[in-house]
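# Secondary and tertiary structure notes
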Amino acid sequence: MLSIKNLHASIEGTPILRGINLEVKAGEVHAIMGPTGSGKSTLASVLAGREEYEVTEGEVLFQGKELLPLSPEDRAREGVFLAFQYPIEIPGVSTTNFLRTALNQVREYRGQEPLDAVKFLSLMKEKMALVEIDQKLLSRSLNEGFSGGEKKRNEIFQMAMLEPVLSILDETDSGLDIDALRIVSNGVNKLKSEKTATIVVTHYQRLLDYIVPDFVHVLYKGRIVKSGTKELALELEEKGYDWIKEEVDSTATV
Amino acid sequence: MSTLTQPEFVLGLFEAAPATFSSLRQLGKESFYAQGLPALKSEEYKFTPIAKKLENSITEFSPAEQVTISAEQVKSAVFPGFVGVVLVFSNGYFIPGLSSKTEGLTIHSLSAEENTPLGSIADAAKDPFTALNQATFVNGIHISIAKKVSIESPILLLQFHQAKGGQVISPRIWIEAGDFSKATFIDYHISLDDAPYFVNKVVEIKGGINADLTYHSLQQEHNQVIEVSNLVTDIQKDSQFTSTQITLSGDMVRNNLTLNLLGSNSVGNMYGIYLLNGKTHVDNHTNVDHTIPHAESNELYKGILADQSRGVFNGKIFVRQIAQKTNAFQQNNNILLSEDAIINTKPQLEIWADDVKCSHGCTVGQLDEEALFYLQARGIDKITARGLLLYAFAGEVLDKIEVESLQKYIVNQIQERLGSNF
């Protein structure tokens, strides 16, 4: 489904990603782990189409289509979803309103009829239950005054509404208490299917107890330096990242 | 020095002035000559070189004559869904035949009401354009609302403007509202074609005790129009006055809004939106005078400026020594969409009392790129996303417009423009 080949990206001339290779197939969950500053969030941002990053080399195929030339909105319409690490607060725009605009633009792109208010509302009710989010919250200004947990639940709610093919969760677990983590993970797990894939970007292993990955990759200095199964995450939890850093840095000097 | 600061050019206007209100006109004329048109270095008109603009654009300094307005034109100009009283004007002349009536509302041409104390609220000595209007207005309207009358449906002042020779239109409006009365006005200017003209309008509102008055003003004329509007109101004890000023187009527009809080427990609200593109220049000068204790003023103006447009906001809050326990709040927020757009914003607080609550703030920024990306990342195209964000920015002021048909109309106008990569 997703094929990243030798991806290099930089911001303001500073290289951040330095040759990422990754294959993600339908039905899989991939965890991207790594120390702070290793390029995890950059990878998520580049896939979603954030303009500040300049891709200097490499290519990304998504369902056989070149992803990188597409605008952020077309990537979303093709089925890429990024759950933001820091969801934006937008005063004056309600989640309901904005999401209806978004969903109908996505549907139009996919050749589907727009949803009328009634159908939209019933779809919303169904998806709200998934992440235990209150309708009152959704009629308020987007994320304004939301708690950290509410913002992250809202991200997963939007994901549920837009039914993406590939979901990228960027540090969705950071700042969540255990209850919120459970709710968010439950939502993600219920949305998984054989036709969809998930990339979980996280610093901590804790989330992976709830969203169990098929593969774990360690990102360091802009490259995937180690890949394994969920056991690798546990090892990292126990030993930290230093041993990997040492391993990589010593090879580099040799 | 520009020739226009020598006010000979207005001779045509003075000569054409009607014979009514002769002593008032004489005073206006003297006051105008005493002040002259604002010079380039004039502090009050510092960012708005209106004299120069007039010199370059107005070819004929004579009053624009009344043009014929049809009932169909009136009908199509009224906002969809509007229910209320419609008062029709042509180049400042009131047209009773096209206007409607309601109980408790008395309307006369100013020429039939020579006892009207024009100039008692809008002081000609304080502004040259007020003085010019006082000397040269052709015909205006006297509106009075009886004591204890609440006019629930809004009163629409439909002002049609057309001056083929680039002339001057000088509307004059006098409103007096009795004690315990309530009314909402909508002042709407419409251009009949795209020839330039100069509108020099004065509105005086004399509020009674415990009155509740609202004055919405919508400026949506074509982009060759020069306009100076002076609205002055006296607000008495236990009263509320609310102004909303929506400016969507024009060449150079200057709005002077003056609220005199004269009785305790009075409230003055000033709200505004300016949505500018091209080379439109809009200057909002507001002035609230807290003359007594226990009064409140609230002010919120928001601006969105594209292309080479220019905005000016000057909000003066004057709190006199006696005006203890004053609450005065002011906010002006601006979004600049282009590198060539300019905003000059200036809060001007003069506080002589020592037990007051006053706050002010102004912001100038660009569109939030992060928010834009967030919306795009959910599948919304860039232009729609931009429109959503800008509309949300303006929404806080739009919410203050309580006349549903007017609010809807303005919302549509704004959305249409913002949705078209404004």
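Positions within a chain are numbered from 1, following the residues in the order the chain's sequence is written. Following the order in which they are written, the chains are lettered starting with A and the ligands numbered starting with 1. Totals for whole chains, interfaces and linings use all residues, but because this is a predicted model, local features are given only for residues with pLDDT of at least 70 and pairs of side-chain atoms are given and counted only at 80 or more. Side-chain measures here rest on the full set of heavy atoms in the structure, leaving out hydrogens and waters.

## A closer look at the overall build of chain B
The secondary structure listing takes helices from DSSP runs of H or I that are at least 4 residues long and strands from runs of E that are at least 2 residues long, numbered from the N terminus. When helices and strands are counted, chain B shows eight helices and 20 strands. In this treatment the radius of gyration is a C-alpha quantity, and the globule benchmark scales as 2.2 Å times the residue count to the 0.38 power. Taken over the C-alpha trace, chain B has a radius of gyration of 21 Å; the compact-globule value for 422 residues is 22 Å, and the two agree within 12%. Positive charges come from Lys and Arg, negative ones from Asp and Glu, while His and the chain ends are left out of the count. Every charge is mapped to an atom, namely NZ of Lys, CZ of Arg, CG of Asp or CD of Glu. Here chain B contributes 32 positive and 46 negative side-chain charges, whose respective centroids are spaced 2 Å apart.

## Brief notes about the sheet that holds strand β5 (residues 65-66) of chain A
Residues and elements named next belong to chain A. Here, strands pair whenever DSSP counts at least two bridges between them. If you walk across this open sheet you meet the four strands as β2-β1-β4-β5, and the pairing is antiparallel. For this open sheet the edge positions go to β2 (14-24) and β5, each flanked by a neighbour on one side alone. Examined bridge by bridge, strand β4 (residues 53-62) and β5 share two bridges and lie antiparallel to one another. Considered in β5, the bridge of Phe 62 is made with Lys 65. Together, β1 (2-11), β2 and β4 form the strand contacts of helix α1 (residues 40-48), whose direction differs from that of β1 by roughly 110°. For this analysis, residues touch if any pair of their heavy atoms sits within 4.5 Å. Where helices are involved, their axes are fitted lines through C-alpha atoms of the stretch in contact, as for all axes, and angles between N-to-C directions lie from 0 to 180°.

## Thoughts on the interface of chain A and chain B
Counting residues at the interface gives 29 residues for chain A, matched by 16 residues for chain B. Buried surface area refers to the total accessible area, computed with a probe of radius 1.4 Å, that the two partners give up upon joining, counted for both partners together. Here chain A meets chain B over a buried area of about 1,900 Å², counting both sides, of which 63% is carbon and sulfur. Interface area lost by chain A to chain B is led by A:Glu73, A:Phe84 and A:Ile88, which between them contribute 25%. By definition, a salt bridge exists where a carboxyl oxygen of Asp or Glu is found within 4 Å of a side-chain nitrogen of Lys or Arg. On the surface where chain A and chain B come into contact, there are three salt bridges. The partner of B:Glu370 in a salt bridge is A:Arg50, and the shortest N-O contact between them spans 2.5 Å. In the analysis that follows, any N or O atom pair within 3.5 Å is treated as a polar contact, provided that within protein one partner can donate a hydrogen and the other can accept it, and provided that, for residues neighboring in sequence, both atoms belong to side chains. At the junction of chain A and chain B, the tally comes to 11 residue pairs in polar contact (both at pLDDT 80 or more). Secondary-structure elements contributing two or more residues to the side of chain A that touches chain B are α2 (72-78), β6 (80-83), β7 (90-94), α3 (95-109) and α6 (148-162) of chain A. In terms of residue count, α3(A) provides more of the side of chain A that touches chain B than any other element does, five residues in total.

## Side note on the pattern of salt bridges
For the structure on display, the rule yields 26 salt bridges over all chains. For A:Glu78, the salt bridge identified is with A:Lys65, shortest N-O distance 2.6 Å. Pair noted here: A:Glu78 is in helix α2 and A:Lys65 is in strand β5, with a separation of 13 residues, a long-range link. To sort residues, take the accessible area from a 1.4 Å probe on protein chains only and compare it with the maximum for the residue type: under 20% means buried, over 50% means exposed, and anything in between is partly exposed. With relative accessibility at 16%, the residue A:Glu78 sits in the buried group. The exposure class assigned to A:Lys65 is partly exposed, which follows from its relative accessible area of 41%. Residue B:Arg254 is joined to B:Asp283 by a salt bridge in which the shortest nitrogen-to-oxygen separation is 2.9 Å. In this pair, B:Arg254 is assigned in strand β13 (residues 252-261) and B:Asp283 in strand β15 (residues 281-290), connecting sequence segments 29 residues apart. The residues B:Arg254 and B:Asp283 share a single accessibility class, namely buried. Via salt bridges that share partners, A:Arg50, A:Glu52 and B:Glu370 belong to a single interconnected network.

## Here's the deal with helix α7 (residues 178-191) of chain A
Residue and element names in this part refer to chain A. Under the convention used throughout, the expected extent of a helix is 1.5 Å for every residue step, that is, one less than its residue count. Here α7 spans 20 Å end to end across 14 residues, near enough to the 20 Å set by a 1.5 Å rise per residue. Looking at α7, one finds that the buried residues are Ala 180, Leu 181, Ile 183, Val 184, Ser 185, Gly 187 and Val 188. With a side-chain oxygen lying 3.1 Å from the backbone nitrogen of Asp 179, the N-terminal cap of α7 falls on Asp 177.

## Side note on the environment of A:Trp243
Residue and element names in this part refer to chain A. Its location among the elements puts Trp 243 in helix α9 (residues 242-253). For Trp 243 and Asp 214, which are 29 residues apart along the polypeptide, the C-alpha to C-alpha distance reads 23 Å. Once residues lying within four places of it in the same chain are set aside, the contact partners of Trp 243 are Lys 226, Leu 232, Glu 235 and Leu 236.

## Remarks on the pairing of strand β9 (residues 166-170) of chain A
All names here are of chain A. The buried fraction of β9 amounts to five of the five residues, a majority that puts the element mostly inside the structure. Relative to β9, β6 runs parallel, the two being bridged by four bridges. Within the sheet, the bridge partner assigned to Leu 82 lies in β9 and is Ile 168. Where β9 meets strand β10 (residues 197-201), five bridges bridge the pair, whose relative direction is parallel.

## Let's talk about helix α8 (residues 230-239) of chain A
Residues and elements named next belong to chain A. Residues of α8 that are buried: Leu 232, Ala 233 and Leu 236. Here the buried residues of α8 occupy an arc of 105° about the axis, which is enough to place them on one side. Phi for Gly 240, located one or two positions after α8, is positive at around 75°. The arc refers to the directions leading from the helix axis to the C-beta atoms.

## Some words on the packing of α3(A) against α6(A)
Residues and elements named next belong to chain A. As a packed pair, α3 and α6 sit with axes 10 Å apart at the nearest point and diverge in direction by 30°. Where α3 crosses over α6, the handedness of that crossing is right-handed. In contact with Thr 95, Phe 98, Leu 99, Ala 102, Leu 103 and Val 106 of α3, α6 contributes Asn 154, Phe 157, Gln 158, Met 161 and Leu 162. When grouped by side-chain class, the residues that make up the contact of α3 with α6 number eight nonpolar, three polar and no charged. When the near helix sits turned anticlockwise from the far one by under a right angle, the crossing is termed left-handed; a clockwise turn instead gives a right-handed crossing. Residues were grouped as follows: Ala, Val, Leu, Ile, Met, Phe, Trp, Tyr, Cys and Pro as nonpolar; Asp, Glu, Lys and Arg as charged; and all remaining residues, including Gly, as polar.

## A word on the sheet that holds strand β11 (residues 215-220) of chain A
Strands pair in a sheet through their backbones, by hydrogen bonds, and they do so in one of two ways: parallel or antiparallel. Residues and elements named next belong to chain A. In space, the six strands of this open sheet follow the order β6-β9-β10-β3-β11-β12, with mixed pairing throughout. Looking at the sheet topology across the chains shown, the edges are occupied by β6 and β12 (223-228). Sheet twist, expressed as the mean angle between neighbouring strand axes with direction ignored, is 20°. Here four bridges tie strand β3 (residues 29-33) to β11, and the two strands are oriented parallel to one another. The residue of β11 that forms the bridge with Ala 31 is Val 216. Set on the sheet, α6 makes contact with β6 and β9; between it and β6 the angle comes to about 170°.

## Concerning the pairing of β10(A)
All names here are of chain A. Judged by how many residues are buried, β10 sits mostly within the fold: five of five residues are covered. Here β3 pairs with β10 via four bridges, running parallel. What sits directly across from His 30, in β10, is Ile 199.

## A closer look at the side chain of A:His30
One can find A:His30 in strand β3. Non-local contacts of A:His30, meaning those with residues more than four positions away in its chain, are made with A:Leu22, A:Glu23, A:Val24, A:Lys25, A:Thr198, A:Ile199, A:Val200, A:Phe215 and A:His217.

## Quick look at the domain arrangement of chain B
Residue and element names in this part refer to chain B. Structurally, chain B comprises domain 1 (7-262) and domain 2 (368-422). Residue ranges labeled as domains rest on an automatic or database domain assignment. Here domain 1 and domain 2 have C-alpha centroids that lie 31 Å from each other. At the junction of the two partners, domain 1 supplies 14 residues and domain 2 supplies 11 residues. Of the roughly 1,000 Å² buried between domain 1 and domain 2, counting both surfaces, carbon and sulfur atoms make up 74%. Summed over the shared surface of domain 1 and domain 2, the number is zero salt bridges. Taken together, the connections running from domain 1 to domain 2 amount to four residue pairs in polar contact (both at pLDDT 80 or more).

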